Amino acid sequence: AEILSIVQRGKNALITNRDDILKLAQLLNKKADEIEAFTGSIANPSENGIQNTATNHTSSDINNSKQFHSLVNRLNHKNVAYRQIQPFPGPRTSDQIIGRLSGGDITEGSCSSLALAYAGNKAGYDVLDFRDGESRKFFSSRSVIEKIASIPGVQASVLRGRNDIECANQLLSGMQDGKEYYFASGEHAAVVRKVNTYYYEYLELQHSSTGNGWKVLDNFELRARFRCSDSHLFLQTSFLIDIDSLAANQEFLDLLGYINTAEAEQMKGGTGSVR
């Protein structure tokens with residue numbers, strides 16, 4: 001009887017203090033997540049001067065978004081080198097940005113990271129791509145693009161469906177005249193814009209020497225260039241992200257260091273092609 005009494009008192013104590021125990025456990029889990037995210041963002045310069053993590057953030061890093069910390073931790077885990085972006089000395093026209101950024105693609109395809117690099121250039125920074133390797137693979141991932149689209153302050157629309165053409169046209173119809181957007185559907189990503197109510201263009205950046213610039217975007221090009229399908233077996237994701245909102249977002253600009261490539265190390269040239 002005495003043993004049963006002790007057991008019952010223990011059960012009553014656990015029940016009484018259950019809420020306090022749960023609150024303590026939640027607090028400990030939250031603190032552990034914050035510490036993990038913070039230590040994953042500390043700069044660690046490599047021997048060649050390229051940083052393997054994000055920029056030299058201070059302890060204020062802990063206030064960055066969960067999306068940012070998640071992306072940086074994944075990039076660091078993959079040992080993707082970091083090259084700090086720098087402001088471009090002086091103003092540039094859109095054609096000058098296109099001329100510096102574009103070229104023949106001799107990687108397996110840099111379309112997504114090129115479009116993101118373009119956003120950095122529009123923000124006034126000198127950002128180059130055609131890096132290839134883990135950086136290219138990472139920024140071409142749909143899960144990564146969706147995470148970028150969800151960074152606080154970034155304005156984006158995401159659609160899922162089995163018909164890329166329908167999803168693409170629904171997204172494109174929501175663009176504002178004259179504004180530029182990151183757009184991904186089917187198997188391709190590019191910067192796009194609406195010229196008037198029914199006329200869209202996409203930005204080609206992967207031709208070898210000529211042929212880069214704005215091109216008409218219609219259902220034919222959605223199938224031919226973007227390789228969109230109207231009969232997927234499973235749901236596929238399409239994205240439209242406001243370029244201005246990316247250019248104004250410091251977390252996004254920090255991420256561009258994982259794309260930014262030294263000019264001499266770019267994987268582009270006359271032997272490259274559209275991919």
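The preceding data block contains the structure.
The notes below deal with the structure included here. (Residues numbered from 1 in each chain as written. Predicted model: local features only at pLDDT ≥ 70, side-chain atom pairs only at ≥ 80, totals over all residues. Heavy atoms only, no water.)

Once that is clear, we can look at the packing of aromatic side chains. Applying the stated criterion to the full structure yields four aromatic pairs. Considering the side-chain rings of Tyr 82 and Tyr 258, the 4.8 Å spacing of their centres and the 80 degrees angle between planes classify their relative orientation as edge-to-face. A residue pair is termed long-range when its members are at least 10 positions apart, and Tyr 82 in the loop between α3 (66–77) and β1 (86–87) and Tyr 258 in the segment after α11 (250–255) qualify at 176 residues. Ring centres 5.4 Å apart and planes at 55 degrees place the aromatic pair Phe 183 and Phe 226 in the tilted group. Pair noted here: Phe 183 is in strand β4 (residues 180–185) and Phe 226 is in the loop between α9 (219–224) and β8 (236–242), with a separation of 43 residues, a long-range link. Here the aromatic cluster, defined as three or more aromatic residues joined through ring pairs, consists of Phe 183, Tyr 202 and Phe 226. Above the ring of Phe 88, the side-chain terminus of Arg 92 is found at 3.9 Å from the ring centroid. (Phe/Tyr/Trp six-rings, centres within 6.5 Å; stacked < 30°, edge-to-face > 60°. Helix = DSSP H or I, 4+ residues; strand = E, 2+ residues; numbered from the N terminus. Lys NZ or Arg CZ within 6 Å of the ring centre and 35° of its normal.)

You can see Ile 243 is positioned in helix α10 (residues 243–247). Residue class for Ile 243 comes out buried when judged on its relative accessible area of 1%. Once the C-alpha coordinates of Ile 243 and Tyr 181 are considered, the two residues, 62 residues apart in sequence, prove to be 4.8 Å apart. (Buried < 20%, exposed > 50% of the residue type's maximum accessible area, 1.4 Å probe, protein only.)

Attention shifts here to the sheet that holds β8. The sheet built from six strands is open, its strands ordered β3-β8-β4-β5-β6-β7 with antiparallel pairing. Two strands lie at the open edges of the sheet, namely β3 (156–161) and β7 (213–217), each paired on one side alone. Pairs of neighbouring strands in the sheet enclose a mean axial angle of 30 degrees, with direction left out of account. Contacts from helix α8 (residues 164–173) reach β3, β4, β5 (188–196), β6 (199–204), β7 and β8 within the one sheet, and its direction differs from that of β3 by about 160 degrees. (Pairing = 2+ DSSP bridges. Axes fitted to C-alpha atoms, helices over the stretch in contact; angles between N-to-C directions. Contact = heavy atoms within 4.5 Å.)

Next up on the list: the nonpolar core. If you look at the biggest cluster of nonpolar residues, it comprises 43 residues, and the most contacted ones within it are Leu 116, Phe 139, Ile 148, Tyr 182 and Leu 246. Broken down by element, this core gets its largest block of residues, seven residues, from helix α5 (residues 111–122). Counting 16 residues, the second largest nonpolar core, distinct from the first, contains Leu 171, Val 192, Tyr 200 and Tyr 202. (Core = buried A, V, L, I, M, F, W, Y, C linked by side-chain atoms within 4.5 Å.)

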